[in-house]
Amino acid sequence: MKRSLILLTLLAGALPAQADPDFSQQAFFKSSNNNPGDRFGEAVAISGNIAAIGAPGEDGSAAGVNGPKNNDPSGSGRGAVYIFTRNGSSWTETAYLKEGNPPANPLNNHHFGEALALSGNTLVVGAPGDESNATGVNGDPLNQLSLAGAAYVFVLNNGVWTQQAYLKASNTGYLDFFGSAVAIDGDIIVVGAEGEDGSSTTINGPDNNDALESGAAYVYERTGTTWALTATLKAPNAEEGDLFGSSVAVSGNTIVVGAQNEDGSARTVNGAFDNTAALGGAAYVFEKVGGVWTYHSYLKSFNLDADDRFGTSVAIQGDTLMVGAFAEDSSTRVVNGPDNNDSGFDGAVYEFTRSGGVWSQGDYIKPGNYWPTMSFGWAVALDGDRMIATAKSEMSSSTGVDGPTDDSGAFNSGAAYLFERVNGTWTQIHFLKASNTRLQNEFGQSAALSGRTAIVGTGLDDANSQGINADQTQDPDNNLNAGAAYVFHRPSEASLRLQLARPFPTTAVGRTSRSQKLKLTNTGEEPVTILNVRTKGAASRDFRIARTKQKGLAGGASTVLDVRFSPKKRGTRKATLEASGSGAGVAVPLTGKGR
């Protein structure tokens, strides 16, 4: 018994102190037509106040946007995407997206929604089971070629979502799984096709089928409202089974592509190509120079070993790049801790940074609690100085934010970890669990991050409910693998904004001018609990504020201050109007002339 207790303590570890004490779960999403096998939450995306949740197993037979929701066998596994929009702290489902073309053969599952990426008002949706043999942009969707794959582009204009483009590879092929990974930044989309079979090792090289499942990635760029295929990317050491394109990311003119089954044993950036570390994995960087996409760097981890699956997930923003390796074997529990191989499939995330055009390895990121086979790094997302990484097979039974980690009572329940970069080093600040943790749920199959909001999804949740913040009770007999998504958020600090005052009209000494009504708004989400309003300055007594019953100001709320000018002396009179409370404050000048 004593030995078991010691082992448990070593495995679990201690979590760092909270950096965001107000970070909490904001919403629990279920689809509005929830059914077994929908796998809602297997893919998630967020940009600002818009979230997209994929349900690649959804069975509705509708086509296009906001069609009827049904559970029609003729639509088996076609998939769907659900759009949620936030107003204040409340979420609403605002759109139901389906592929615009009905499947030619309903027995082939298109899995629309298996991959998602969102940038502003543009959403790209992967459908790796699409069966069209079309090529390029907006081709004929009804010609059959099983599991070739496709991607769809939707845009939001004036509150309405419409399909803008239907994307296919330049060399569409059987079992290519084009759309198994997607990424977008502004007017650039990248689509991975991990099953593509070409042996080319150059960009836009010749097409063939000589290297089964070597993989490829495709670049599309938008001019106005028109998308065009601009590059076909291949690894410079492309070989059979590498699965290049199993993960993709883009930021500006830089693209990163993961190849989780690549076999090279290099442990440095741009090391030599070989095949002596089976399934070690790799990631590749491409940059657009002079309007042309070119290969730039070959990324490997400093401690790479066979079967690490480096490149499982990738994320990039600016000069920072993250690569997940879900099968890395070290049991260390701290960032930049010692490397070892005393466990299996624990996982890691590796940071790379660019300086002077050169990529180099940065932090070696591990979670604060460790369990064998937890698969840390399965999904990763990056936004500024924050990063979220998931461990879909983590096994603690806690719920919510920063709960205990010292048990193994929920096998494969899953977890997510939020990190923040402080003084150049990444530090774990939160440990996230589902609010209805259950074994085998794999919370963390997907994750997305935008500002203060994170979304974590799982396609395996069994709660038999529909809609937002519905009953979370598990019902595995009736709703197996229906799926769910969980929104976590830290409210923005209180911030006061006060309308500028106009100069008051010239007013006789002893008289009082007409009032000016100045709007005071709390633009943050946290409330101002004690509101103080006063005038300051040499002529502060010349300006009067009507008494207000407003004791505080909720997030997003406003009040009106009634200000009058009553000069005590002749000449120009000046003061400052100040409003403050809960660490927030604002001031505007007041001026008037007495006669």
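Computed from a predicted structure; not experimentally measured.

Focus: the layout of surface pockets
One number sums up the size of the largest pocket: a volume of about 1,400 Å³. Residue lining of the largest pocket: 48 residues in total, with Leu116, Val182, Val248, Val380 and Ala447 positioned closest to the centre. Among the elements of the structure, strand 2 (43-47), strand 6 (115-119), strand 10 (178-185), strand 14 (244-251), strand 18 (310-317), strand 22 (376-383) and strand 26 (446-450) are those that each provide at least two residues to the lining of the largest pocket. Split by residue class, the lining of the largest pocket holds 27 nonpolar, 14 polar and 7 charged. The volume enclosed by the second largest pocket comes to roughly 170 Å³. Lining the second largest pocket are Leu531, Asn532, Val533, Ile545, Ala546, Arg547, Thr548, Gln550 and Lys551. The class makeup of the residues in the lining of the second largest pocket is 4 nonpolar, 3 polar and 2 charged.

Section: the nonpolar core
Counting residues in hydrophobic clusters, the biggest one holds 22 residues, and the most contacted among them are Leu233, Phe244, Ile255, Val257 and Tyr284. Listed by contribution, the elements that provide at least two residues to this core are strand 10, strand 11 (188-193), strand 12 (216-223), strand 13 (226-233), strand 14, strand 15 (254-259), strand 16 (282-289) and strand 17 (292-299). In contact with Val257, other than residues within four places in its own chain, are Ala217, Leu233, Phe244, Gly245, Ser247, Val248, Ala282, Ala283, Tyr284 and Phe286. Counting 21 residues, the second-largest nonpolar core is a separate cluster that includes Ala501, Leu520, Leu553 and Val563.

So, the environment of Thr268
By the element assignment, Thr268 lies in the loop between strand 15 and strand 16. Beyond its immediate sequence surroundings of up to four residues, Thr268 is in contact with Tyr298 and Lys300.

Points about the packing of aromatic side chains
Inspection of the entire model under this criterion finds 32 aromatic pairs. A centroid spacing of 5.2 Å and a plane angle of 50 degrees characterise the contact between Tyr152 and Tyr166, whose relative ring orientation is tilted. Here Tyr166 lies in strand 9 (residues 160-167) and Tyr152 lies in strand 8 (residues 150-157), a separation of 14 residues in the sequence. With relative accessibility at 0%, the residue Tyr152 sits in the buried group. A centroid spacing of 6.2 Å and a plane angle of 80 degrees characterise the contact between Phe244 and Phe286, whose relative ring orientation is edge-to-face. Taken together, the positions of Phe244 in strand 14 and Phe286 in strand 16 put the pair 42 residues apart, joining distant regions of the chain. With relative accessibility at 0%, the residue Phe286 sits in the buried group. Here a set of aromatic residues connected by ring pairs shows up, and it is made of Phe29, Phe40, Tyr82, Phe84, Trp91 and Tyr96.

What to know about the pairing of strand 5 (residues 90-97)
Here 7 bridges tie strand 4 (residues 80-87) to strand 5, and the two strands are oriented antiparallel to one another. In the strand pairing of strand 5, Asn87 is matched with Ser90. As consecutive antiparallel partners, strand 4 and strand 5 are separated by 2 residues, and within that stretch Gly88 has a phi angle of approximately 70 degrees, a positive value.

About the criteria used
- Residues numbered from 1 in each chain as written.
- Predicted model: local features only at pLDDT ≥ 70, side-chain atom pairs only at ≥ 80, totals over all residues.
- Heavy atoms only, no water.
- 1 Å grid on protein atoms, 1.4 Å probe; cavity = no way out; pocket = protein on both sides within 12 Å on 5 of 7 lines; lining within 4 Å.
- Points joined across faces, edges and corners; volume = space filled by probe spheres on them.
- Helix = DSSP H or I, 4+ residues; strand = E, 2+ residues; numbered from the N terminus.
- Nonpolar A, V, L, I, M, F, W, Y, C, P; charged D, E, K, R; others polar.
- Core = buried A, V, L, I, M, F, W, Y, C linked by side-chain atoms within 4.5 Å.
- Buried < 20%, exposed > 50% of the residue type's maximum accessible area, 1.4 Å probe, protein only.
- Contact = heavy atoms within 4.5 Å.
- Phe/Tyr/Trp six-rings, centres within 6.5 Å; stacked < 30°, edge-to-face > 60°.
- Pairing = 2+ DSSP bridges.

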